Amino acid sequence: MHELLTTMPAETVALVGQAEPGSLSRPYEVLLDAIDGHPEVDKEQLAALTDAERSPVERLHTGLAILADLIGDSPAVIFFEDLHWADSESAALFERIADQHGPRLLIGTYRPDEVTRRQPVAGLLARMERRHAVTHVRLNRLTPAQTAALLAAATGAPAPLRAATALHHRTGGNPFFLEELLRALPGYDLEALVEQPLPWSLADVLRRQVDDLDPISHRIVEAATVLGHRIPFDLLADVTGASEDELIAVLRNLVTRGVLVESGEDEFAFRHALVREAIGDQMLSRQRRRLHEAALDALLSGGASDPAMVAHHARGAGRYEDMIAAARRGTARYLSIGSAYQALQLAEMGLDEVPDDTDLLAAAARAAWLAGLLDDALRYGRRWRDLAGSTTDRAESLYLLVRIAWESRATDEMRALTHDIGTLIAQLPPGADQARAMTAIAQSAYLRDDLDAALLWSDRALALADEFDLPAVRLAALLEKGATLSERPQTAADGREILSALVDEAEKAGEWVLAARALNALVHGEPPTSPAEHAETLERMRVNAERAGFESLAVATYFQGRARLALRAGDLCAAIAALKEGREQDRSYRRRGRWADYHGGFLAGLYLEAGELDQVEQPWRSNEQTHDLISAALHIGLPAHRLDQMATAHSTPTYGTPTGHSSTPSSQRRAASTPRHWPATCPSPRPTSSRRRPAPPYASAPPAVCSRTTGARRPPSRWKRPRPCWPSGVAGGWPSSPRSAPNWAWRRSTRRPPSPARPP
């Protein structure tokens, strides 16, 4: 709101008043705060406003007169903050201001959770809702992606994914709580902020909600803080010893106060996570430990099915053997249902006590990879490999590490890992371990563009899988073979046939990762023959990826697929909207370094194509791609001074170097110069491959201008121009160009960049 006030014209009168705790006993507190510092306020009127001997009506008219004298005929913005704390006189004044006419904008803010029937604002809200001239804007809690965006805006740097997730979980997505935590830690070290104690001012505000509870209610709410984010009714009754009727009465009161909410059947939760934290911080450690012990005993005696809850209370009670057992059981369960991040948290809880447990290390590495936390996945995967006590463990760890190293762009490590796998194969007897290792080499060869080797090793793995009846290995090897065959025009049909059959088998076997990757290969290879089939395949891929907890395919790749589908249908608006929606749901697009904003290349190209030049630089955050953006801007007709600004703002060592003429090998050049999810419809920055697939029959729209091509050409008449989202001010809605037409080259490189969009 304060940002809005800074954009107001100079002649606009801005009055900002804020209510504070205790304002109920101070009449006209909000108005007095708003006019503080305005020397032109008449002293006699001010004295009349604060004179308790005068009638309420007279004082109300005095307040209106003060505002009228300050504003006059000028446009004005009147802003009353935190109305949930406002006194009844300020609430009445707000309503009377709303009745007045003129160039005025009246804004009031309040927190719904703080409003009860006893407060003056409750009646004000009911009356204001019935007015046609009033707009009621309800601000929901921030999503995880919005939390990451707010943290990035506050700190000036992308927020680490784990820190953003932890802070969203800690604050419940409440912007006020986030700001208070940030204000309490100068320097904005988000990793440290996750464990930072609550600032006293915020803790005091939170604890005020339960200060006047009776002793029984206070004992129950303290027990609830220990039970966790989900509070089962029966467990709370067991821990507190309260009768059912007594507990129902207390919980009803806490729900009415806005302290708790009924989150499910016989299940409760704190409305604000930090309220739970603030109450728990005042408890004695021995008190918390005894409550954890009571909860753990109740869970174990009742045959609890939630290993995370058991592990939480076992750790709080200091019973670490129970905690480790629950962590091992829980990580396997959460991975099986696609809760990768929860599996990682539980595995790490166990690793805090047994850091060399290979089962937990394996689960942590796999969960971190699925969740997109590649640094953590590499760390756990390497330790798993180093501590592997069997050839099976070593083969499995190397298999996963190859994939993680490729996604992390650690090409040297990827080669070293592949060499280690080759050495291991020679030491293994024929069987499951050897077949699994062969599949890993096939994957590595495919990712490094060595298609002959990929076919050779996948066929060897298939032969062993058939000989020793290894269905899981067979599916993995078929995926590598099908993906490899689909890269060559003469075998693409065979590859697609293998992948299509593989999807059904993988789904029946519950191999959701393999099914999602196979569908991804189908949708990103030679696209399906119709938009309906394309959309169906894309949705099926997302469902399987969500079942596996495969974050990158379920979110980033899915929404980029929707954008490509819209682009082929000629709907540029829908393509841009799909990418923007993907950003809203994608928690990790703001990651640091080379992965930073991997949606940026595609979205910037779409904005260029739509003629929205002012929008281009906002999504373009990956400095490695600036030279391609500027090439596209040249073709689209960006003015010279804007090109200079763009080059200065995004200067990189590679600016001006034609990417397509690099002397590095193609796979390295692609890894170094393409965004993580480069769209299949956008030309790759490297030279077009000889393995070029034809465009699908329904692909009526040209690709977005994403990289340089050899010249500007008008589209053939059979191509339908994409419908731009906004008029660009020139005939036909297309931006002007230094040449006679925008760049319409239809090119597709059949090889995609290293990313989860590319099936391994």
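Residues numbered from 1 in each chain as written. Predicted model: local features only at pLDDT ≥ 70, side-chain atom pairs only at ≥ 80, totals over all residues. Heavy atoms only, no water.

J.: Which residues make up a negative patch on the surface, and what values go with them?
T.: Taken together, the side chains of Asp234, Asp238, Glu244, Asp245, Glu262, Glu265 and Asp266 present a region of like negative charge at the surface. At the level of secondary structure, the elements contributing two or more residues to the negative patch comprise helix H13 (233–240) and helix H14 (244–257). The residue Glu262 is located in strand S5 (residues 260–264) in this model. Take Glu262: its relative accessible area is 54%, and that puts it in the exposed class. (Patch = residues over 30% accessible without salt bridge, like charges linked within 9 Å, V, L, I, M, F, W, Y side chains within 5 Å. Areas by Shrake-Rupley, 256 points an atom, 1.4 Å probe, with all protein chains shown as cover. Salt bridge = Lys/Arg side-chain N within 4 Å of Asp/Glu carboxyl O. Lys, Arg positive; Asp, Glu negative; His and termini not counted. Charge placed at Lys NZ, Arg CZ, Asp CG, Glu CD. Helix = DSSP H or I, 4+ residues; strand = E, 2+ residues; numbered from the N terminus. Buried < 20%, exposed > 50% of the residue type's maximum accessible area, 1.4 Å probe, protein only.)

J.: Summarise helix H15 (residues 273–281); cite the residues concerned and give the values.
T.: In terms of burial, H15 is largely enclosed, as 7 of its 9 residues are buried. The complete set of buried residues in H15 reads Ala273, Leu274, Val275, Arg276, Ala278, Ile279 and Gly280.

J.: Give me the lowdown on the nonpolar core, citing residues and values where you can.
T.: One finds Leu236, Phe270 and Trp369 to be the most contacted residues of the largest nonpolar core, which totals 148 residues. Tallying contributions element by element places helix H20 (residues 358–371) first for this core, with 11 residues. (Core = buried A, V, L, I, M, F, W, Y, C linked by side-chain atoms within 4.5 Å.)

J.: Can you tell me about the pairing of S5, naming the residues and giving the values?
T.: Two strands pair when backbone bridges link them, and S5 and strand S6 (residues 267–270) are joined in this way by 4 bridges, in the antiparallel orientation. Looking across to S6, one finds that Leu260 is bridged to Phe270. What sits between the antiparallel neighbours S5 and S6 is a turn of 2 residues, in which Asp266 has the positive phi angle 55°. (Pairing = 2+ DSSP bridges.)

J.: Hey, could you go over the packing of aromatic side chains for me, with residue numbers and the actual values?
T.: The final tally for this structure, using the stated rule, is 3 aromatic pairs. Measuring from centroid to centroid gives 5.0 Å for Trp369 and Phe550, while their planes differ by 55°, and the two rings are tilted. Taken together, the residues Trp369 in helix H20 and Phe550 in the loop between helix H29 (531–548) and helix H30 (551–568) connect sequence positions 181 residues apart. Pair check on accessibility: Trp369 and Phe550 agree, each one buried. Positioned over the ring face of Trp457 is Arg460, at 4.7 Å from the centre of the ring. (Phe/Tyr/Trp six-rings, centres within 6.5 Å; stacked < 30°, edge-to-face > 60°. Lys NZ or Arg CZ within 6 Å of the ring centre and 35° of its normal.)

J.: Explain the sheet that holds S6 to me, using residue names and the numbers behind them.
T.: Here we have 3 strands laid out as an open sheet, ordered S4-S6-S5, and antiparallel in their pairing. Two strands close off the open sheet at either side, each with one partner strand: strand S4 (231–232) and S5.

J.: Could you give an account of the environment of Pro175, with specific residues and numbers?
T.: Of note, Pro175 is situated in helix H9 (residues 175–183). Taking C-alpha positions, Pro175 is 9.8 Å from Asn140, a pair spaced 35 residues apart along the chain.

J.: Summarise the environment of Gly561; cite the residues concerned and give the values.
T.: Checked against the element boundaries, Gly561 lands in helix H30. Its relative accessible area of 1% is what places Gly561 among the buried residues.

J.: Outline helix H5 (residues 88–99), listing residues and values.
T.: Taking 1.5 Å of rise per residue, 12 residues should cover 16 Å, and H5 covers 17 Å from first to last C-alpha, within 8% of that figure. Ser90, Ala91, Leu93, Phe94, Glu95 and Ile97 are the residues of H5 that are buried. Against the buried residues of H5 lie helix H2 (29–35), helix H4 (56–71), strand S2 (76–81), strand S3 (104–108) and helix H6 (120–129). Where H5 begins, the capping side chain belongs to Asp87, and its oxygen is found 3.2 Å from the backbone nitrogen of Glu89. (Expected span 1.5 Å × (residues − 1). Contact = heavy atoms within 4.5 Å. Polar contact = N/O pair within 3.5 Å; in protein donor to acceptor, adjacent residues only side chain to side chain.)

By themselves, these observations are geometric and do not establish any function.
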